Amino acid sequence: MTLTRDLDSSIAALDPLGADAVMRALPQANIAADTTWLRTRAMRLSQHAARIRDVAHARAALRDLGMLTASLARHTGRPCPPRDVEAAMLHLGAVADEVPRESVYSYATRNPRGPRRRSFTDTSGEHLFIDEVTAASHALDTAILHGSHLAEADDQDTADTLADLVHQRLQAFAAHLLTVKRSLTPQYFTGQLRPYYPPLEIAGHTYYAPGGAQMPLLVLDVMLLSQAATGELAAWYEQYLDDNTLYLPPHHRAHIEKARHAPGLARLAQQHPHLRPAVALLIGDLLRFRLPHRQLARANMAVRDDGALGSGGYTADALDQLLAVTESARALLNPGSPV
């Protein structure tokens with residue numbers, strides 16, 4: 001399986017638009033709310049986009065042009081990029097085979113470390129946020145690698161060994177996000193960082209900003225939970241997948257599309273008892289992450305205006321639904337549950 005970490009570390013090293021100096025100056029422009037500077041630099045960088053034909057270079061260019069455009073939208077309140085910038089982002093998205101704006105991968109795993117780091121505010125809190133989300137994503141990358149073999153395990157020892165490897169990486173993932181929770185107050189995140197994650201209107205379509213729903217956890221979700229829910233909850237979950245899968249890189253999208261059309265591990269464990277301990281361990285990990293995550297989301301929403309959405313376009317109610325889907329999967333592990 002393709003490892004996102006390897007791909008994205010090579011993208012982080014690239015500067016196809018010659019944007020290093022511009023991106024170093026971005027935080028100061030944001031402090032000054034200098035929309036003229038932001039618009040001029042975005043227009044200049046977009047002129048170099050047409051020559052890009054390489055996937056990795058297109059993804060690096062989207063990282064930089066996307067952050068400039070998001071900054072401009074934050075300070076103007078207008079979600080539509082300038083026409084030439086929009087055309088450049090559409091071209092780069094087509095070459096990259098991804099959405100035509102920056103994603104959580106752009107902001108985290110494809111973001112250089114050190115003096116080339118891209119950030120909106122250049123604050124210690126934002127740097128910690130980027131570092132921890134990157135480390136959390138790397139942990140998920142390895143978890144996906146091991147978890148992809150669980151359905152093939154033909155005995156309990158093999159299944160338990162694989163599940164323990166996934167469990168360790170999920171624990172690391174949760175620990176990194178716990179560091180974020182303990183370090184960044186809702187007031188800091190909502191007041192200083194959240195405004196730089198606006199939705200953008202590109203070619204008549206709304207593309208949401210980097211957010212938790214775009215993280216690789218979505219791949220593990222589908223592997224475990226596919227076809228666990230029924231009725232309206234199942235319909236909600238399918239729409240949730242439709243809404244968020246497009247923000248993932250192609251190899252993760254392909255994995256999700258394959259997994260969502262087959263019974264997930266919870267459904268398989270219902271028919272194959274040797275899988276139940278392994279699947280129960282991992283569903284427990286999801287629940288232990290989702291309960292405090294919901295608490296954190298509610299704390300952030302509490303300091304926002306009524307009706308405000310998260311960067312991915314959701315309210316905290318979406319986490320209630322995800323918890324319900326996860327509980328549906330756990331219920332399938334009861335030997336008496338209906339097939």
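Residues numbered from 1 in each chain as written. Predicted model: local features only at pLDDT ≥ 70, side-chain atom pairs only at ≥ 80, totals over all residues. Heavy atoms only, no water.

### A word on the environment of Phe120
Phase 1: Residue position: Phe120 is located in the loop between helix H6 (104-107) and helix H7 (124-147).
Phase 2: Between the C-alpha atoms of Phe120 and Arg24, which are 96 residues apart in sequence, the distance is 9.5 Å.
Phase 3: Each residue touching Phe120, except ones within four places of it in the same chain, is listed here: Leu26, Pro27, Asn30, Met67, Ala70, Ser71, Tyr107, Glu126, Tyr196 and Tyr197. (Helix = DSSP H or I, 4+ residues; strand = E, 2+ residues; numbered from the N terminus. Contact = heavy atoms within 4.5 Å.)

### Some points on the nonpolar core
Phase 1: In terms of nonpolar packing, the biggest core is built from 100 residues, with Leu65, Leu68, Phe129, Phe173, Tyr197, Leu220 and Val279 touching the most fellow members.
Phase 2: Dropping the residues within four chain positions of it, Leu65 is found in contact with Leu17, Ala42, Leu45, Ser46, Val85, Ala88, Met89 and Leu92. (Core = buried A, V, L, I, M, F, W, Y, C linked by side-chain atoms within 4.5 Å. Buried < 20%, exposed > 50% of the residue type's maximum accessible area, 1.4 Å probe, protein only.)

### Notes on the side chain of Arg118
Phase 1: Considering the arrangement of structural elements, one finds Arg118 in the loop between H6 and H7.
Phase 2: Judged by relative accessible area, which is 0%, Arg118 ranks as buried.
Phase 3: Looking at Arg118, its side chain comes within polar contact range of the side chain of Asp15, at 3.5 Å.
Phase 4: In this structure the side chain of Arg118 is engaged in a polar contact, spanning 2.9 Å, whose partner is the backbone oxygen of Arg116. (Polar contact = N/O pair within 3.5 Å; in protein donor to acceptor, adjacent residues only side chain to side chain.)

### A word on the packing of H7 against helix H10 (residues 217-225)
Phase 1: One way to put it is that H7 packs onto H10 with a least axis distance of 9 Å and a crossing angle of 25°. By the angle between their axes, H7 is roughly parallel relative to H10. The handedness of the crossing between H7 and H10 comes out as left-handed. Residues Leu140, Ala143, Ile144 and Gly147 of H7 touch H10, and the partners they reach there are Leu217, Val219, Leu220 and Met223.
Phase 2: Across the contact of H7 with H10, the residue classes break down as 7 nonpolar, 1 polar and no charged. (Axes fitted to C-alpha atoms, helices over the stretch in contact; angles between N-to-C directions. Parallel < 35°, antiparallel > 145°, perpendicular 65-115°, else oblique. Left-handed = near helix turned anticlockwise from the far one by under 90°. Nonpolar A, V, L, I, M, F, W, Y, C, P; charged D, E, K, R; others polar.)

### Description of the pattern of salt bridges
Phase 1: Throughout the structure, instances matching the rule amount to 18 salt bridges.
Phase 2: Across the pair Arg118 and Asp20 runs a salt bridge, and its minimum N-O distance is 2.8 Å. Taken as a pair, Arg118 in the loop between H6 and H7 and Asp20 in helix H2 (residues 20-32) lie far apart in primary sequence, 98 residues in all. Assigned by exposure class, Arg118 and Asp20 land together as buried.
Phase 3: The salt bridge involving Asp97 is made with Arg253; its shortest N-O contact spans 3.1 Å. Placement of the pair is Asp97 in the loop between helix H5 (83-96) and H6 and Arg253 in helix H12 (residues 250-259), with a sequence separation of 156 residues.
Phase 4: On the basis of relative accessibility, which here comes to 41%, the residue Asp97 falls in the partly exposed class. (Salt bridge = Lys/Arg side-chain N within 4 Å of Asp/Glu carboxyl O.)

These values are about where atoms sit, not about what they do.
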